Amino acid sequence: MPKFVYGFTEGNKGLKDLLGGKGANLAEMTNLGLPVPPGFTITTEACRHYLEHGSVPEGLEPEMDRHLKALEAQMGKRLGQPDDPLLISVRSGAKFSMPGMMETVLNVGLTDESVLGLAKQSGNERFAWDSYRRLIQMFGKTVLDIDGQLFEEAIDRLKQAKGTDDDLDLTAADFQSLVESYKGIIREHAGREFPTDPREQMDLAIKAVFDSWNAPRAILYRRQERIPTDLGTAVNICSMVFGNMGMDSGTGVAFTRDPASGNQGIYGDYLQNAQGEDVVAGIRNTVPLADLEGIDKPAYDELLAIMQKLESHYHDLCDIEFTVERGKLWMLQTRVGKRTAGAAFRIAVQLVDQGLIDLDEAVRRVTGDQLAQLMFPRFDESASARQIAKGMNASPGAAVGKVVFTSEAAVRAVERGDQVILVRRETNPDDLTGMIAAQGVLTSRGGKTSHAAVVARGMGKTCVCGAEELDVDVKAGRVTGPEGLVIEEGDVISIDGTSGAVYLGEVPVMNSPVVDYFEAGLEPAEGDELVRAVHRVMTHADGLRRLLVRANADNPEDSARARRFGAQGIGLCRTEHMFLGDRRQLVENLVLAEGPQDRQAALDALAPLQRQDFLGILEAMDGLPVTIRLIDPPLHEFLPDLTELSVKVALAQATPNGADLRDTKLLEAVRRLHEQNPMLGLRGVRLGLVIPGLFAMQVRAIAEAAAERKGAGGDPRPEVMIPLVGAVQELEAAREEAERVLAEVEESTGVDVPALIGTMIELPRAALTAGQIAEAAEFFSFGTNDLTQTTWGFSRDDVEASFFSRYLELGVFGVSPFETLDREGVGRLVRIAVEEGRGTRPDLKLGICGEHGGDPDSVHFFHEVGLDYVSCSPFRIPVARLEAARAALETAGADGR
């Protein structure tokens, strides 16, 4: 039978899975000889059994009996005995810190009889009755699920009657009357009396802590922090020490370093004559921890010595809870403290300089998410601002600008020197120019995987999606919102892509020095401690990682920026973005072509533009591989909207002059190309095989640009990627045409430009037949956006807004599979394709170019399955670099190296 209860002398900090963080660290402090009140911990295994079966496991009760008796013997008193009671706290403690998310009950063991014994033993009647009312209040709220506001209202009425707002002005008699009021609340709202059996109090409190694992706030917190749902919480039974015994007692929280900045010093808060929840609840104003020196110097000096000992022992910033009882210091908790992103980097480097950790450990101590936070522009939190809506935090950052409703207006405004926010119901590919011009994007519809979100993240553009409180009327040029709010074109708004908040007016923005550092591509100058810390960590990280990091970039400017950010090539250049804007009419000409001659003329008009596009990108990435994806979306995305064009033609036909012939032909073409599910229709390789010369034009433009670059002394390394292949026969046909064009360009220019030819793996069939496809492919690039879409059967643009929130509530998945790769489903397909592809072609180059290439958790998976590189947007490159290094260290640790 497993052991369900551990005394504080039996555990250690390495048992967090079993004892939770709090229990493991209480045991560790006990082992270090620090003043920890005696107690024991009920394991997470007991909690999991309780949550699964609705009852505690067999054997738990006898174990608790033995440990309680041992505690009573150690303390020389019994739980709740009338003359001198042992009192205990019952506190949660999961493996991962979840501050405030689960339950705690203090002063367990007090009854109508034992409160008198406590008053006599302590010589402080007020303290005893204060402790008793706290127990009833916490027990009623936590164990009996009574609205805590009822208890607050009762004490507020009492203070009001006394003419005070300070708990310290209440007397023993006041607290005694409050006890009776609280008992009445329990009687009325729980339908039972407050339990007078101390053991019943303890048992019910333990079950309440177990149940709190599945409280809504705990579930939400775990989802936010990506903490597994099946861990359960431990329960810590600890003998009470009292900070509310008078002005020579108190309670506090201390940090061994500033968790906001990472600076060394004395940080924390202290509150005299109080218990721990008073500090957290803000019932009374605390004093800075440094003031404890003047209040109780011996306790202060002992605390500083313990803080130094704990930081040296844990080799990290420690968060400490303590109580002073009549001048005696007691340690109630320690844990590795949460910190800001900036503090994480500073502290990691400080600990390296102090010899407490090495640079490998410094890389482990920081995360890609923290680095990303340091790169976002941010609003000045001290500024006052009126929030008018809250949407989905689709792409982080802070953006301020005048409202515009169309891409054309955005471009015109920027040409005038204005900064703008593009506001739309939702965006489409035709809004790209406006999105590029705008400081940020706000939509009233859509989610994190909508067009606006995906494109904005790729550009490092601030974006808030799905702000449903706002009604966007593009034609009227107006946004309406709550409480009669009206925003006209030209009004200034501010959007926070990190929180999803939308503000009226301008909120001051602070620049990120970390982005300036990456943009410069140089070692930082002396002075900025944070930037230098980031530089040291990233320099070491680059030497650790196996995975290369490439960029998703579609123009020379993004390519150059990506290279400064550390990109080792381009993993995805989307050629369809080159067909938008002024070039749309050339695509329309291709669609309207009535024969081979017209079609070739349309292609010939596009070719020099494509060639110039590729030349600029190859120049920016000289000496590095550039993977260019041939046109992927269906042609209808480059054509006018069917409904709008139908209305335009119908209105024109009603006039004397009739409809424009081009518009009429265009409408016929749009109707002909219309598909019920275009994302699974005529696109990708299918488009290249059905429209003669389309892929050949693009391959020729790539080859000629590369030849020109090589002729000028450059080192171009193009790679041609065929999209949406589902069968090897498709790739063979496209490859044959590409090889013919490459040979023709070599013959005409006299320049040999080797170009790898490969494909995207973005369909389940492609992954399952990867062994066959590898016969015709020199590289695979996993398009995990579409692979996720086709594996789950999700329409990426629809599902998040319609039912993803419900799926997250139900635990169908813990995070959107479009944000973090679904390892069990999509990941398995990737693994199969890797194994079978390399089984056919051992030197097959493997990468990933979907959104997941910049997601920290997904990067670890791609390292694990053996990909050669990940590719992501330029702004995510540093994140991917760091996580690739952390993945390498994780693998080395698992292998024992």
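## Regarding the sheet that holds strand β10 (residues 328-336)
- Here we have five strands laid out as an open sheet, ordered β8-β7-β6-β9-β10, and antiparallel in their pairing. The open sheet has two edge strands with one neighbour each: β8 (287-288) and β10.
- Judged from the eight bridges that link them, strand β9 (residues 318-325) and β10 form a sheet pairing that is antiparallel. By the bridge assignment for β10, aspartate 319 is matched with arginine 335.
- Contacts from helix α12 (residues 297-314) reach β6 (250-257), β7 (264-272), β9 and β10 within the one sheet, and its direction differs from that of β10 by about 25°.

## Details of helix α27 (residues 694-711)
- Taking 1.5 Å of rise per residue, 18 residues should cover 26 Å, and α27 covers 26 Å from first to last C-alpha, within 8% of that figure.
- Judged by how many residues are buried, α27 sits mostly within the fold: 13 of 18 residues are covered.
- Note on α27: the residue one or two positions beyond its end, glycine 713, has a positive phi of about 95°.

## Overview of unusual backbone geometry
- Of note in this structure, asparagine 107 is not a glycine but carries a positive phi near 65°.
- Along the chain, asparagine 107 turns up in strand β4 (residues 104-108).
- Despite not being glycine, glutamate 483 has its phi angle at roughly 55°, a positive value.
- The topology assignment puts glutamate 483 in the loop between β19 (478-480) and β20 (486-488).
- According to the relative accessible area criterion, glutamate 483 is exposed, its value standing at 78%.

## Some thoughts on a nonpolar patch on the surface
- Where nonpolar side chains cluster on the molecular surface, the patch consists of Trp792, Leu810 and Val812 and spans about 260 Å² of accessible area.
- Looking at the element boundaries, tryptophan 792 is found in helix α31 (residues 784-792).
- On the basis of relative accessibility, which here comes to 30%, the residue tryptophan 792 falls in the partly exposed class.

## Topic: the packing of aromatic side chains
- Counted by the stated rule, this structure contains 22 aromatic pairs.
- Between tyrosine 132 and phenylalanine 194, the aromatic rings sit 6.3 Å apart at their centres with planes inclined by 65°, giving edge-to-face as the arrangement. Of this pair, tyrosine 132 sits in helix α5 (residues 125-142) while phenylalanine 194 sits in the loop between α7 (172-190) and α8 (198-212), and the two are 62 residues apart along the sequence.
- Classification of tyrosine 132 by relative accessible area gives buried; the value is 0%.

## Details of the nonpolar core
- By size, the foremost hydrophobic cluster in this structure holds 152 residues, and its most contacted members are Phe345 and Val534.
- In this structure phenylalanine 345 touches Val366, Gln370, Leu371, Leu374, Leu530, Ala533, Val534, Val537 and Leu882, once residues within four positions along its chain are discounted.

## Details of the pattern of salt bridges
- Under the counting rule described, the total for this entry stands at 51 salt bridges.
- Salt-bridge contacts for glutamate 311 lead to arginine 257; the nearest nitrogen and oxygen are separated by 2.8 Å. Here the residue glutamate 311 occupies a position in helix α12, and arginine 257 occupies one in strand β6, the gap between them amounting to 54 residues. Of the two residues examined, glutamate 311 and arginine 257, each falls in the buried class.
- Two residues, lysine 845 and glutamate 719, come together in a salt bridge whose shortest N-O distance is 2.9 Å. Here the residue lysine 845 occupies a position in strand β30 (residues 845-848), and glutamate 719 occupies one in strand β27 (residues 717-722), the gap between them amounting to 126 residues.
- A relative accessible area of 24% means that lysine 845 is categorised as partly exposed.

## Here's the deal with the side chain of aspartate 855
- You can see aspartate 855 is positioned in the loop between β30 and α34 (856-865).
- Polar contacts involving the side chain of aspartate 855 include one to the side chain of threonine 820, which spans 3.2 Å.
- At 2.6 Å, the side chain of aspartate 855 forms a polar contact with the side chain of serine 858.
- The contact partners of aspartate 855, leaving out residues within four places of it in the chain, are Arg226, Glu819, Thr820, Leu821 and Arg876.

## What about the sheet that holds strand β22 (residues 501-504)?
- Strands sit in the order β12-β22-β21-β14-β15-β16-β17-β13 across an open sheet of eight strands; the sheet is mixed. At either margin of the open sheet sits one strand with a lone partner, and together these are β12 (386-390) and β13 (392-395). Shown here is a sheet whose adjacent strand axes are inclined to one another by a mean of 30°, direction ignored.
- Judged from the five bridges that link them, strand β14 (residues 398-404) and strand β21 (residues 492-496) form a sheet pairing that is antiparallel. In the strand pairing of β21, alanine 399 is matched with isoleucine 495.
- Contacts between helix α16 (residues 407-415) and the sheet are confined to β14 and β15 (420-424), with β15 contributing the most and set at about 175° to the helix.

## Concerning the pairing of strand β31 (residues 869-872)
- Across the two faces of β31 the burial is the same, with Tyr869 and Ser871 and Val870 and Cys872 all buried.
- Of the pairings in the sheet, the one linking β30 to β31 comprises two bridges and is parallel in character. Each bridged residue has a counterpart across the sheet, and for isoleucine 848 the counterpart in β31 is valine 870.
- Remark: the β30/α34/β31 crossover connection has right-handed handedness.

## Examining a negative patch on the surface
- On the surface, a cluster of negative charge is contributed by Asp147, Glu152, Glu153 and Asp156.
- Among the residues examined, glutamate 153 registers a relative accessible area of 35% and is labelled partly exposed.

## Re the packing of helix α23 (residues 596-620) against α27
- Look at α23 against α27: their axes get within 8 Å of each other, and the N-to-C directions meet at 40°. Accordingly, the angle class assigned to the pair α23 and α27 is oblique. Two packed elements cross with a definite hand, and for α23 against α27 that hand is right-handed. Residues Leu603, Leu606, Ala607, Gln610, Arg611, Phe614, Leu615, Leu618 and Glu619 of α23 form the contact with α27, whose own contacting residues are Leu694, Met697, Gln698, Ala701, Ile702, Glu704, Ala705, Ala706, Glu708 and Arg709.

## Thoughts on α12
- Over its 18 residues, α12 extends 26 Å from the first C-alpha to the last, a length consistent with the 26 Å expected when each residue adds 1.5 Å.
- Buried residues of α12: Ala299, Tyr300, Leu303, Ile306, Met307, Leu310, Glu311 and Tyr314, and no others. Considered in projection along α12, the buried side chains sweep an arc of 130° and stay on one side of the axis. Along α12, exposed side chains directed more than 90 degrees from the buried face belong to Pro298 and Gln308.
- If you check the start of α12, you find a side-chain oxygen 3.2 Å away from the backbone N of alanine 299, and it comes from aspartate 296.
- Downstream of α12 by one or two residues, histidine 315 has phi in the positive range, about 55°.

## Quick word on the environment of proline 817
- Here proline 817 shows up in the loop between α32 (796-810) and α33 (826-840).
- According to the relative accessible area criterion, proline 817 is buried, its value standing at 3%.
- Residues proline 817 and valine 115 lie 702 residues apart in sequence; the distance between their C-alpha atoms is 55 Å.
- When near neighbours in sequence (up to four residues on either side) are disregarded, proline 817 contacts Thr788, Trp792, Phe794, Phe804, Asp822 and His852.

## A few points about the environment of glutamine 137
- Note on placement: glutamine 137 falls in helix α5.
- Measuring from C-alpha to C-alpha, the distance between glutamine 137 and serine 55 comes to 26 Å, with 82 residues separating the pair along the chain.
- Other than its neighbours up to four places away in sequence, glutamine 137 contacts Phe151, Glu152 and Tyr182.

## Quick look at the side chain of arginine 222
- As for its position among the elements, arginine 222 is in helix α9 (residues 216-225).
- As a buried residue without a salt bridge, arginine 222 has its nearest oppositely charged side chain in aspartate 230, at a separation of 8.1 Å.
- Residues in contact with arginine 222, not counting those within four places in the same chain, are Met98, Trp213, Asn214, Ile227, Pro228 and Thr229.

Conventions used here
Residues numbered from 1 in each chain as written. Predicted model: local features only at pLDDT ≥ 70, side-chain atom pairs only at ≥ 80, totals over all residues. Heavy atoms only, no water. Pairing = 2+ DSSP bridges. Helix = DSSP H or I, 4+ residues; strand = E, 2+ residues; numbered from the N terminus. Contact = heavy atoms within 4.5 Å. Axes fitted to C-alpha atoms, helices over the stretch in contact; angles between N-to-C directions. Expected span 1.5 Å × (residues − 1). Buried < 20%, exposed > 50% of the residue type's maximum accessible area, 1.4 Å probe, protein only. Patch = residues over 30% accessible without salt bridge, like charges linked within 9 Å, V, L, I, M, F, W, Y side chains within 5 Å. Areas by Shrake-Rupley, 256 points an atom, 1.4 Å probe, with all protein chains shown as cover. Salt bridge = Lys/Arg side-chain N within 4 Å of Asp/Glu carboxyl O. Phe/Tyr/Trp six-rings, centres within 6.5 Å; stacked < 30°, edge-to-face > 60°. Core = buried A, V, L, I, M, F, W, Y, C linked by side-chain atoms within 4.5 Å. Polar contact = N/O pair within 3.5 Å; in protein donor to acceptor, adjacent residues only side chain to side chain. Right-handed = clockwise from strand over helix to strand, strands pointing away. Lys, Arg positive; Asp, Glu negative; His and termini not counted. Charge placed at Lys NZ, Arg CZ, Asp CG, Glu CD. Parallel < 35°, antiparallel > 145°, perpendicular 65-115°, else oblique. Left-handed = near helix turned anticlockwise from the far one by under 90°. Arc of directions from axis to C-beta.

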